[in-house]
Each structure stands twice: as C-alpha cells, then as structure tokens.
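Working through the structure, step by step
Each chain is listed here by its residues.
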Amino acid sequence: MRSARLLLGLAAVAVAFAAADTYVVVLALPDMMGSVGIPIDQLQRAAPIVSGFLLGYVAMLPLIGRIADLRGRVPVLVAALVLFAVGSLVTTLAYDMPTLVSGRFLQGVGGGGLVPATLALVADLYPAERRGVPLGVVSAVQELGSVIGPLFGALVLAVADWRAIFLVNLAVGLVLAAAIRGLSVAEERAPASVSRPSRPDVLGAGVLLVTLATGALVFTRPSQLMRDLTWGQLFIPWAGDGRWLTPLGTVTIVAAVLFVARCLTARRPLVDLRGWGRSMREADLVGALFLAAALAGVILAFATADPKVQVFSDQGLWYLLGAAVAAIGFAVHLRRAEAPLVPRGALRRAPAWGAMLVSFFIGAALIAALIDIPIFARTTVYPDSQLLAALVLVRFLVALPVGAVLGGYLTRNLPAGAVTAVGMALAAFGFTLMSHWGLSSLDDLSANVPLLLGGFGFGLALAPVNAAVLASTDDEVHGLSAALVVVSRMVGMLVGISALTTIGLRRYYAEQADLPTAREICHGSSRCQEFSDLLRVAGIAQEHTVFAGAAVCAVLAAVLALALFRTAPTRAVHTAQALRAGG
C-alpha cells in the first residue's frame, strides 16, 4: 500500500506540473509570438498556440480515459508523461507556427491524459467511502499548479529565454515517467524472482537516437554547420525551401519511418505500438474520433473568438455545425457499435451524468474569476501593472487548494451534493460581493473576503463532484467517467467566458451610450480625468455583470448538485444500500 500511495503521489505531482504549464504560456506568449514572426500587435494570430493546447487537452481526453480503463492506469500515466515531454521538446525547438502549435497540441494530449488516469487510480486504491481526501488532494495540487505556473514562468523568463520553460518541462516529464514506470515494475516483480530482465531493443534505441539527433539539427539549423562548405550541403533543399526537403530532413523522415516499423515488428520493441493500437481499437477509436470532432468544433468556435465583439468566431457557425454533425454521428455510432467508447448503461445513474452537468456550470463560473478578476484590477487600481493585477487573483487561487482538501474530508461523512452545494453557494456569495466592487474597493482589506470565499468555495466543490461520478459508475469505466467530467468543465469554461463577456459588453455599451460627450464634460476638450473616470465606471459595470452571471452559474451548479447527487454512495454509512438505490 505504501508503494501504491507513492505512485499516487508521483501522479499528483505530474498533474500539478501539467496544470502549471497551462498557465505558464500566458506570460511567455509575447516572446513565443516573436520567435515565430508574429508581431505583438497581432495577438489574434497567436490564438492557435492556446487553442492547440486546449484541443489536445479536451478532444482526446475521452479516448485516453477509456484506454486507462482497458490497459491500466500506470501505462497511460507513463505514456501521457512521455507525450507531454515530446510536446515540450517540439515546442522548445519550434521555428514556425505549425511546429509550435503541434508541440502545444502534444503537450495538451499528455497533460490532459494525466488527470483521468490519476483520478481513476484513486478509485482503484480506495473504496468509495474513503476517496474524498485523496480526491481532494489531487484536486488541490492540480489547482496549486495554476498558482505556481505564472510564478514559475516569471522566474524562468527573468533569467532565460522562453524555451527554457519547456526544457524544464521536458526534463521533469521524463524523470516522472521513469520514476512511475520504475516504481510499477518494482511492485510487480516478485521478491524471490531470479529471472533476468528482458534485453532492451538496442537497434530500436539506435534508430530513435538518429531520428532525434538529425531532427534536432533540422529544427535548430546551427549556423556553424550551415556555413561549412561540406556540412552545409546537408541543409540545402532538394526542391523549394522546406527544411524537411533537405538531405538532413530526408534522413530524419526515413529514420522515423524505420523506428515505427521496428516498433511494429520487433519482439520486444522500445515502444509497444502494436499494443497501443489494439488498445485504441478496443477503446473504440472511431467513436472517439467522432466525439473529438464534436469537441473540436465547440473549442474552435469559442476559443478563437474575440469576446469583445462576438460570442464565437466568424467561422464559429461552421465550427458548431460541424460539431453538431459529428455529435449526431457519435450518437448513431454508440447505438450500432458492439463495444462503444461509452459502454451502454455506463452513465445510467443520475450522479454519473449529473456530475458532468454540474461540472459544466462550475467551469462556466470559475473562468469568470480567472479572467475577470485581473481585468477588474487592471481597470481600477492597477492600470499600469499587469503583475499586480494578476497578484489579486492569487488571493483567490490560494484559498482554492485549501477548500479542495477540506471538501474531500467532508465528503467522507456528508452527502456529496450538500458539500458541493455549500461550496458553490460560497462562490456565488463571493461573486455577488464582487458585483458591488467600486473603483477603489481593491485597496480595502475587505476585498479579500469575496476573493477568499470564492476560491475556498470552488475548492470545496471539486472533490465531491469527482467522488460522486466515481462512486456511481462501475470500476471498468472510471477512467472514461473522470475524463468526461474534466471535458465538461473545460467546455463550460470556454462557453462561459464567451457568453458572460458578451453579456457584460452589452452592459458596457449601454452605460457608455448614456454618458455625456467628452466635450460636454471636459469643457470643450476631447479628454480629461473626469471623463476617463466615467469610462472606468462603465468598464466596471461590465465586470459587475460578468460577476453576477458567474454567481448565477454557481447557484445552478449548487441546485443541480443537491438534486442529482442524492443517491451518490460517497459516504462511509450505508454505501451498499445507496449504490443499489442509485441503480
């Protein structure tokens, strides 16, 4: 049991580190844009850097969760960390937008895959009535990553280039993957076993080394080699000007193909591609692709929009139409497939599908805090400091892990619906107080009350939602159900920020339309402090509307949790009876 807890601890650290990477890109984004030739005043062109990560994080999550159910938690944890490390390497070496987005996509797939596997691991190690605390701890470290991420990014950027951030990701990802793999092998090996370890695939390792070495040269193009009369020939394209059409690029592609062929044919390959292929087919790859396409359409519709002027992007209707078609295809496929991605009846209990609905509204409310609290601070008391404005949010985020641990503890003895409802009621109360903030409210210590209440309330709700879905689904679908809860939360965040910001902007434009003209207030001048103050008041009216909308989302989450989690067998008392009642 001790080694199992250590394994869970390593998985939790991996989840925290991947969560930190989600937020670290915010500070590094301007430098990343410059490295691929995007001017800082064209921020909209950098949207794929963010949406690429989200696409990988969300769209592939159900498939990864299902594979974790079929293949095991540890192999998925190790594979997710390796993918995260590979994505970090590609991001580090990126020289243009496609390679940068590809790296971020791989990071998203790997980072997202850690969450359902870790939550399912908790379910494997603890009975339903004892999962609350470990689930709370996992939720706490995940949210702690959101606090550490910006601080980590600021620290690295103060002493090095943005690429150093992803080099650290590469190293940590590989170390954690090796540690988890080593711990798992040590646990599986019998103490009295004298069998010799299997011989590594030396040939496969050699081909992989050639692929990585030549690929790194293609990405970096060292100036000393390119200027050399002999070695420089390797960088001259056969045709056109593409890097991969050079002799060195050709060697990399051929070596990569040979490595894949080796993994598919070797008796003990370095990477078990055949096994992973079987797992994907067993997990219903076709159904997963349908669902991924539906989620991708929603993500692209909202993530690429400018919320200042629109709920979703100019192409959003087409994205949503494609998502609808894919969703219909997914529904038809589920009815016809012999072994569908979501097994029939897997989510039949109300707490199982209800957890996804509750998670959606939690995400819609949470994103308002993450985005609009710093915006409010920048609009009012810190107009010239992005850092100080961001530090206001830290007060909210610090309380969140505390609430997560306590929420897990309370779930052992109190109904999951009640704990969730109390947490979201506190969050709603905090948002209500924020909706009455004035121009100088953040200068007052009393402003800490809604920030701490809101963060604590959100934290309180995290563990019971996960506990409810895990307790109300069979062991064989814990990875999938955990993944779907995370997907629901992320989709709620995307939809929530677009909808709430658009509603808030309507309030802003209405307030602005009622203002006297600048010349009327400034006695003929086009600008003065009094008029600027009136514009700021109109700006905080927008934020007030967003906070009020977030409070409504929080209340909806609380009510739904009370109604839908009633039969969730998460407590130590009457667990078996509650499970039968929920069935």
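Residues numbered from 1 in each chain as written. Predicted model: local features only at pLDDT ≥ 70, side-chain atom pairs only at ≥ 80, totals over all residues. Heavy atoms only, no water.

1. A short note on a nonpolar patch on the surface
A surface patch of nonpolar side chains, about 340 Å² in accessible area, is lined by Val260, Leu264, Leu270, Val271 and Leu273. Assignment of secondary structure puts Leu264 in helix α10 (residues 247-265). The class of Leu264 is partly exposed, set by a relative accessible area of 40%. (Patch = residues over 30% accessible without salt bridge, like charges linked within 9 Å, V, L, I, M, F, W, Y side chains within 5 Å. Areas by Shrake-Rupley, 256 points an atom, 1.4 Å probe, with all protein chains shown as cover. Salt bridge = Lys/Arg side-chain N within 4 Å of Asp/Glu carboxyl O. Helix = DSSP H or I, 4+ residues; strand = E, 2+ residues; numbered from the N terminus. Buried < 20%, exposed > 50% of the residue type's maximum accessible area, 1.4 Å probe, protein only.)

2. Re the packing of aromatic side chains
Summed over the entire model, instances satisfying the criterion amount to 12 aromatic pairs. Both rings, one in Trp437 and one in Phe547, keep their centres 6.1 Å apart while their planes meet at 85°; by these two values the pair is edge-to-face. Linking Trp437 in the loop between α16 (416-434) and α17 (448-471) with Phe547 in helix α20 (residues 529-564), this pair joins segments that are 110 residues apart in sequence. For the pair Trp437 and Phe547, a shared accessibility class is recorded, and that class is buried. Taken together through their ring pairs, the aromatic side chains of Phe376, Phe396, Phe431, Trp437, Phe458 and Phe547 make up a single cluster. Geometry around Trp276 places Arg71 over its ring, the cationic atom sitting 4.1 Å from the centre. Sitting above the plane of the Tyr95 ring, Arg243 keeps its charged end 3.7 Å from the centroid. (Phe/Tyr/Trp six-rings, centres within 6.5 Å; stacked < 30°, edge-to-face > 60°. Lys NZ or Arg CZ within 6 Å of the ring centre and 35° of its normal.)

3. Topic: helix α8 (residues 202-220)
The terminal C-alpha atoms of α8 lie 27 Å apart, and with 19 residues this matches the ideal 27 Å at 1.5 Å per residue to within 8%. Residues of α8 that are buried: Gly204, Val207, Thr211, Thr214, Gly215, Val218 and Phe219. Looking down the long axis of α8, one finds its buried residues gathered within 145° of arc, a one-sided arrangement. Facing away from the buried side of α8 by over 90 degrees, the exposed positions are Val202 and Leu209. Contacts made by the buried residues of α8 are with α4 (73-93), α5 (97-125) and α10. Backbone geometry just downstream of α8 places Arg221 in the positive-phi region, at approximately 45°. (Expected span 1.5 Å × (residues − 1). Arc of directions from axis to C-beta. Contact = heavy atoms within 4.5 Å.)

4. Observations concerning the side chain of Ser279
Along the polypeptide, Ser279 turns up in helix α11 (residues 273-282). Classification of Ser279 as buried rests on a relative accessible area of 6%. Not counting residues within four places of it along the chain, the set of residues in contact with Ser279 comprises Ile67, Leu70 and Arg71.

5. Things to note about the pattern of salt bridges
Close approach of charged atoms allows side chains with opposite charge to pair. According to the stated counting rule, one finds seven salt bridges in the structure shown. Across the pair Asp69 and Arg66 runs a salt bridge, and its minimum N-O distance is 3.7 Å. Remark: Arg66 and Asp69 occur in helix α3 (residues 61-71); sequence separation between them is three residues, near one turn of the helix. In this pair, the class of Asp69 matches that of Arg66, namely buried. In this structure, the salt-bridge partner of Asp201 is Arg262, at a minimum N-O distance of 2.9 Å. You can see Asp201 sitting in the loop between α7 (163-188) and α8 and its partner Arg262 sitting in helix α10, a full 61 residues away along the chain.

6. Looking at the nonpolar core
Counting 125 residues, the largest nonpolar core has Ile373, Phe396, Met424, Phe431, Phe458 and Phe565 as the members making the most contacts within it. Top element by residues in this core is helix α14 (residues 350-379). It accounts for 15 residues. Other than its neighbours up to four places away in sequence, Phe431 contacts Ala365, Ala369, Phe458, Phe547, Ala550 and Ala551. In terms of nonpolar packing, the next biggest core, distinct from the first, is built from 18 residues, Val25, Ile38, Ile49 and Val101 among them. (Core = buried A, V, L, I, M, F, W, Y, C linked by side-chain atoms within 4.5 Å.)

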